[in-house]
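The lines below spell out each chain.
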Amino acid sequence: MTLLSVENLKTYYSTSSGFVKAVDGVSFNLEKGESLGLAGESGCGKSTLGFSLMRLIKGGEVVGGDIKLNGMPLLEMSDREFNRIRWEKISLISQAAMGALNPVYRIGTQIVEAIKVHTKTKKSEAWERAEDLLRQVEIDPSRAFNYPHELSGGMRQRAMIAMALALDPDLIIADEPTTALDVVTQVQVLKLLRALQRKLDVSIILISHDLSILGQACDRVIIMYAGKIAEIGNVEVLFKNPLHPYTQALLDSFPDIKGDKKPLTGLPGSPPDLLDPPSGCRLHPRCPEARNICQETEPQIIDVSSNHSVACHMVDQGG
Ligand SMILES: Nc1ncnc2c1ncn2[C@@H]1O[C@H](COP(=O)(O)OP(=O)(O)O)[C@@H](O)[C@H]1O
Ligand SMILES: [Mg+2]
């Protein structure tokens, strides 16, 4: 069953030099209980896409497209209507828990307040729920009385997960939830997130610049480049048979055993300025396989199988 459908979404930032086309015509569906990854180098529009779904864009706006959650058109709701579903239906785990958690309140108090603002739960019941949530994210409930700075980085991210789960949402958007953590803690937090996602049958959009992370925690992955979808597919298919040169470069740049990040092999340069993106295929200036058509015409996304689609002229024209 489809939980979320995103149709031709465009989110632009307005700057003195013009519009930054950070998300520029993105369409996809998300099934109930599915874990969908969103990958791409920094600056490709991943956070803008995630924040668009939460209606939390600052300095810009959604200028086109359609977002439906359980058939409800999110972009047509008033702020008041949307505030009711934010956290209750869609919640967010952001990159830096320290920024998202309020430093002057105890962890438990913050979870309790989140519950009380949205539901008519009694304080004692909300405390019980908060303690239960902490247990679920493997934090000893006695930690409810701690302030955020008294917790380790990994614990803070797990407390964020508890907050995001507090109102039993249908969809969690997790934007680089483990990027600030050391490698060992990253793996622990991801495993926990994946286990809870499965147990609670909640859908998740997991955003990361690191494809290897998404390979461990997702059913399907979207590869995003310069505000557009380059490739989308089932994890096994995408990792075994990546068709887009950009996906191939991302897969080649997996960290080595020591965890050091290799630069993108075969792809010089960095993602373009989205104020004035390249013509045709936006990857063409960096792509080793680019031909004339790539400079001239934008590739449309085509289905290569029921669970694999790609936007690349090389595939479109049979390689
Ligand atoms: N408030 C803003 N004003 C102008 N440009 C922005 C703003 N926020 C992000 N951008 C630009 O939008 C593009 C996409 O950014 P972002 O969504 O943060 O990408 P990612 O999460 O993939 O790193 C980048 O080029 C970035 O510079
Ligand atoms: Mg980001």
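Worth saying up front: this structure is predicted, and the values here are computed from it rather than measured.

Draft legend 1. The arrangement of the sheet that holds strand β4 (residues 60–69) in detail. Strand order in the open sheet formed by four strands is β2-β1-β4-β5, and the pairing between neighbours is antiparallel. The two strands at the open ends of the sheet, each matched to only one other strand, are β2 (18–31) and β5 (72–73). When strand β1 (residues 2–15) meets β2, the two strands line up antiparallel, connected through 11 bridges. Bridge pairing links S5 to N29 in β2. On the sheet, helix α1 (residues 46–53) packs against β1, β2 and β4 and is oriented at approximately 115° with respect to β1.

Draft legend 2. Quick look at unusual backbone geometry. The phi dihedral of R55 is positive, around 50°, even though this residue is not glycine. As for its placement among the helices and strands, R55 is situated in the loop between α1 and β4. Taking the relative accessible area as the measure of exposure, R55 reaches 21% and is therefore partly exposed. Not every positive phi belongs to a glycine, and D168 is a case in point at roughly 55°. Within the secondary structure layout, D168 lies in the loop between α6 (153–165) and β7 (171–175). Accessibility expressed as a relative area gives 53% for D168, which makes it exposed.

Draft legend 3. Structural view of helix α7 (residues 183–200). Given a rise of 1.5 Å per residue, 18 residues ought to cover 26 Å, and the 26 Å separating the end C-alpha atoms of α7 matches this to within 8%. Of the residues flanking the start of α7, the one acting as N-cap is D182, its side-chain oxygen 3.1 Å from the backbone nitrogen of V184. The first or second residue beyond α7 is D201, which carries a positive phi of 55°.

Draft legend 4. Region of interest: the nonpolar core. The biggest cluster of nonpolar side chains holds 64 residues, and the ones touching the most others in it are I111, V221, I223 and Y246. With eight residues, the top contributor of residues to this core is α6. With residues up to four places along the chain from it excluded, the contact list for V221 reads L36, G37, A39, L211, L214, E231, I232, G233, V235 and L238. Core analysis: the next-biggest nonpolar cluster, separate from the first, contains 29 residues, L74, I90, L171 and I173 among them.

Draft legend 5. Broad picture of the sheet that holds strand β12 (residues 308–310). Sheet architecture is open: eight strands sit in the order β6-β7-β8-β3-β9-β10-β12-β11, paired in mixed fashion. Looking at which strands have only one partner, the edges of the open sheet turn out to be β6 (90–93) and β11 (302–305). When strand polarity is set aside, the average angle formed by the axes of neighbouring strands in this sheet is 20°. The pairing of strand β10 (residues 228–234) with β12 spans three bridges and is antiparallel. Looking across to β12, one finds that G233 is bridged to H308. The sheet strands contacting α6 are β6 and β7, and the helix crosses β6 at an angle near 175°. The sheet contacts of α7 involve β3 (35–39), β6, β7 and β8 (203–208), and relative to β8 the element is tilted by about 160°.

Draft legend 6. Representation of the pairing of strand β9 (residues 220–225) in the model. Summarising burial for β9: six of the six residues are buried, a large majority. Side chains R220, I222 and M224 project from β9 onto one buried face, and the interleaved V221, I223 and Y225 project onto a second face that is buried too. Inspection of the sheet shows β3 paired to β9 by four bridges, in the parallel sense. Bridging across to β9, L38 finds its partner in I222. Two elements, β9 and β10, share six bridges in a ladder whose sense is antiparallel. If you follow V221 over to β10, its bridge partner there is G233.

Draft legend 7. Structural detail: the pattern of salt bridges. On inspection of all chains with the given rule, the structure shows 10 salt bridges. Put simply, D219 and R194 hold a salt bridge, and the shortest N to O gap is 3.0 Å. Of this pair, D219 sits in the loop between α8 (211–217) and β9 while R194 sits in helix α7; the two residues are 25 residues apart in sequence, bridging distant segments of the chain. Where K228 meets E298, a salt bridge forms, and the shortest distance between an N and an O atom there is 3.0 Å. One end of the pair, K228, is in strand β10; the other, E298, is in the loop between α11 (292–296) and β11, and 70 residues separate them in sequence. Given the relative accessible area of 17%, K228 is considered buried. A relative accessible area of 37% places E298 in the partly exposed class.

Draft legend 8. Looking closely at the pairing of β1. Following β1, the chain reverses through two residues before pairing antiparallel with β2. Judged from the eight bridges that link them, β1 and β4 form a sheet pairing that is antiparallel. Along β4, the bridge assignment pairs Y12 with E61.

Rules used in this analysis
- Residues numbered from 1 in each chain as written.
- Chains lettered and ligands numbered in written order.
- Predicted model: local features only at pLDDT ≥ 70, side-chain atom pairs only at ≥ 80, totals over all residues.
- Heavy atoms only, no water.
- Pairing = 2+ DSSP bridges.
- Helix = DSSP H or I, 4+ residues; strand = E, 2+ residues; numbered from the N terminus.
- Contact = heavy atoms within 4.5 Å.
- Axes fitted to C-alpha atoms, helices over the stretch in contact; angles between N-to-C directions.
- Buried < 20%, exposed > 50% of the residue type's maximum accessible area, 1.4 Å probe, protein only.
- Expected span 1.5 Å × (residues − 1).
- Polar contact = N/O pair within 3.5 Å; in protein donor to acceptor, adjacent residues only side chain to side chain.
- Core = buried A, V, L, I, M, F, W, Y, C linked by side-chain atoms within 4.5 Å.
- Salt bridge = Lys/Arg side-chain N within 4 Å of Asp/Glu carboxyl O.

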